[in-house]
Amino acid sequence: MTTSTQAPPRSAGAGLWRQILKHRWCYVFMVPTLVLSALFTFYPIFMSWYFSFLEWSGYTNDRAWVGLDNYARLIQDAAFWGAFGRSFLFVLVAVPIKLAISLLLAILLNNESMKLSPVFRTMFFLPVVTTAAIVGIIMTFVLDPFNGPVNQALTSSGLVEQAIDFRGDKDAALWTVMGVEIWKNMGITMVYWLAALQTVPTTYYEAARIDGAGRWHLLRHITVPILAPFAAIITLLTANQTLHVFAIVQAMTQGGPARASEVMEVYIYREAFVGDGGLPELGYASAAGVFFGLAVMVVALLQIWVAKKAHSMRAAMGAQR
């Protein structure tokens, strides 16, 4: 007769608790972050979903459950679709311009022979750390049609006969805000490109120069192929950032004139806190916010998919080296 000496198998739950106890200090340090995330991220998201099913101004206790009625109104609201379209038009126009200009700047400022490159990097990044509302207010004076320096320069040089009302013209307001936003946030995209350029081995350039390659060939056959996996991620990060332009639009035009520059964030703010000729509608604004949030989530999911593809491309390139 034989006697088994093997220990009884440990349950998965006991193993999990043992790991938690072993690393308990890590979880203790995570508690503040979890509490703040619950208060300022998850709770507002949950309540926005709940409010979107209510008819409620947000200022009284009178609230009524209306189900999907707010979403049905959104589908028929031309102002909502106008703001929704302008938000994505903002992305479609501003993102390619920011990517192209910032890449050019990053390549120029990544040149080691350029001694003042840290100074120029700081200058281009300075608008990023400046408050968007302050930039917007300053730009209202800079672009003023009566005594703004831009209009004075245009009229005195003879480029235009009359001053341009950049913020008051329906055809110019959105493009004016877009131009200011590109200038303000281009620096962060430049930093992304600069970080990506640090991954290009200098030995590649040295070997190519020995073979007689010029600057164009270095850019086309070395820099661009190595930057390609990063380009997808940088594009989506820039697109996500460009969707959030409330502060600068609100400071420069408040969505006007006649909603010509109104993007989704300004539309939601107007419906939730100002009202459109009546009481504010927090429930309806929450429905608009949920709808817009889902659209942004699609962009985020696309970002995750592209990041995985980029990681695969980098792994394949690393294997070929």
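Keep in mind the model is a prediction, meaning the values are calculated, not measured.

A. Here's a closer look at the overall build of the chain. Across its full length, the chain holds 13 helices and 2 strands. Its C-alpha atoms give the chain principal-axis dimensions of about 110 × 75 × 35 Å. Buried positions account for 34% of the 321 residues belonging to the chain. Here the analysis covers contacts within the chain between residues at least 6 apart in sequence; of these, 66% occur between residues at least 24 apart. When the accessible area of the chain is evaluated, it comes to approximately 19900 Å², of which 67% is carbon and sulfur surface.

B. Seen up close, the nonpolar core. In terms of nonpolar packing, the biggest core is built from 31 residues, with Leu74, Phe80, Met264 and Tyr267 touching the most fellow members. Counting residues per element, the ones that place at least two in this core are helix H3 (69–76), helix H4 (78–109), helix H8 (173–197), helix H10 (215–242), helix H12 (264–274) and helix H13 (282–320). Discounting residues that sit within four places of it in the chain, Tyr267 has contacts with Leu74, Asp77, Ala79, Phe80, Ala83, Arg259, Glu262, Tyr284 and Ala288. Within the second largest apolar cluster, 19 residues are counted, among which are Ala132, Phe166, Leu174 and Ile248.

C. Quick look at the pattern of salt bridges. Tallying each qualifying case throughout the model produces 4 salt bridges. A salt bridge links Glu281 to Arg73; the shortest N-O distance between them is 2.9 Å. Residue Glu281 is located in the loop between H12 and H13, and its partner Arg73 is located in helix H3; the two are separated by 208 residues in the primary sequence. Take Arg73: its relative accessible area is 38%, and that puts it in the partly exposed class. Across the salt bridge formed by Arg270 and Glu262, the nearest N and O atoms sit 2.6 Å from each other. Relative accessible area serves as the criterion here: at 0%, Glu262 is assigned to the buried category. Taken together, the shared-partner salt bridges in this structure form one network comprising Arg259, Glu262 and Arg270.

D. Summary view of the side chain of Asn70. Mapped onto the fold, Asn70 is located in helix H3. Judged by relative accessible area, Asn70 falls into the buried class, the value being 5%. For Asn70, the side chain forms a polar contact with the main-chain oxygen of Ser52, separated by 2.9 Å. Contacts of Asn70, omitting those with residues within four sequence positions, involve Phe51, Ser52, Phe53, Leu54, Gly283, Tyr284 and Ala287.

E. Region of the structure containing a nonpolar patch on the surface. On the surface, a cluster of nonpolar side chains totalling about 580 Å² of accessible area is made up of Ile45, Trp49, Leu294, Met297, Leu301 and Ile304. In terms of residue count, the dominant contributor to the nonpolar patch is H13 (4 residues). Note on placement: Leu294 falls in helix H13.

F. Expanded view of the confidence of the model for the chain. For the chain, per-residue confidence averages 86 on the pLDDT scale, and residues scoring 70 or more make up 93% of the total. Mean pLDDT per element in the chain: helix H1 (residues 12–22) is the minimum at 77, and H8 is the maximum at 93.

G. Structural view of H10. With 28 residues, H10 extends just 32 Å between its outermost C-alpha atoms, more than 12% less than the 40 Å of an ideal straight helix rising 1.5 Å per residue. The largest bend in H10 amounts to roughly 50° and is located at Ala228, with the proline Pro229 lying one to four residues further along. Those residues of H10 that fall on the buried side of the exposure criterion are Leu218, Ile222, Thr223, Ile226, Leu227, Pro229, Phe230, Ile234, Leu236, Thr238, Ala239 and Thr242.

H. Representation of the packing of aromatic side chains in the model. Enumeration according to the criterion identifies 18 aromatic pairs in this entry. Where Phe80 meets Trp81, the ring centres are 5.0 Å apart and the plane angle is 70°; that geometry is what we call edge-to-face. The class for Trp81 is partly exposed, based on a relative accessible area of 36%. One aromatic cluster in this structure is built from Phe80, Trp81, Phe84, Phe88, Tyr267, Phe291 and Phe292. Sitting over the ring of Trp56, Arg63 keeps its end group 4.0 Å from the ring centre.

The rules behind each value
Residues numbered from 1 in each chain as written. Predicted model: local features only at pLDDT ≥ 70, side-chain atom pairs only at ≥ 80, totals over all residues. Heavy atoms only, no water. Helix = DSSP H or I, 4+ residues; strand = E, 2+ residues; numbered from the N terminus. Buried < 20%, exposed > 50% of the residue type's maximum accessible area, 1.4 Å probe, protein only. Contact = heavy atoms within 4.5 Å. Areas by Shrake-Rupley, 256 points an atom, 1.4 Å probe, with all protein chains shown as cover. Core = buried A, V, L, I, M, F, W, Y, C linked by side-chain atoms within 4.5 Å. Salt bridge = Lys/Arg side-chain N within 4 Å of Asp/Glu carboxyl O. Polar contact = N/O pair within 3.5 Å; in protein donor to acceptor, adjacent residues only side chain to side chain. Patch = residues over 30% accessible without salt bridge, like charges linked within 9 Å, V, L, I, M, F, W, Y side chains within 5 Å. pLDDT = per-residue confidence, 0-100. Expected span 1.5 Å × (residues − 1). Bend = angle between axes of the 7 residues up to and from the residue. Phe/Tyr/Trp six-rings, centres within 6.5 Å; stacked < 30°, edge-to-face > 60°. Lys NZ or Arg CZ within 6 Å of the ring centre and 35° of its normal.

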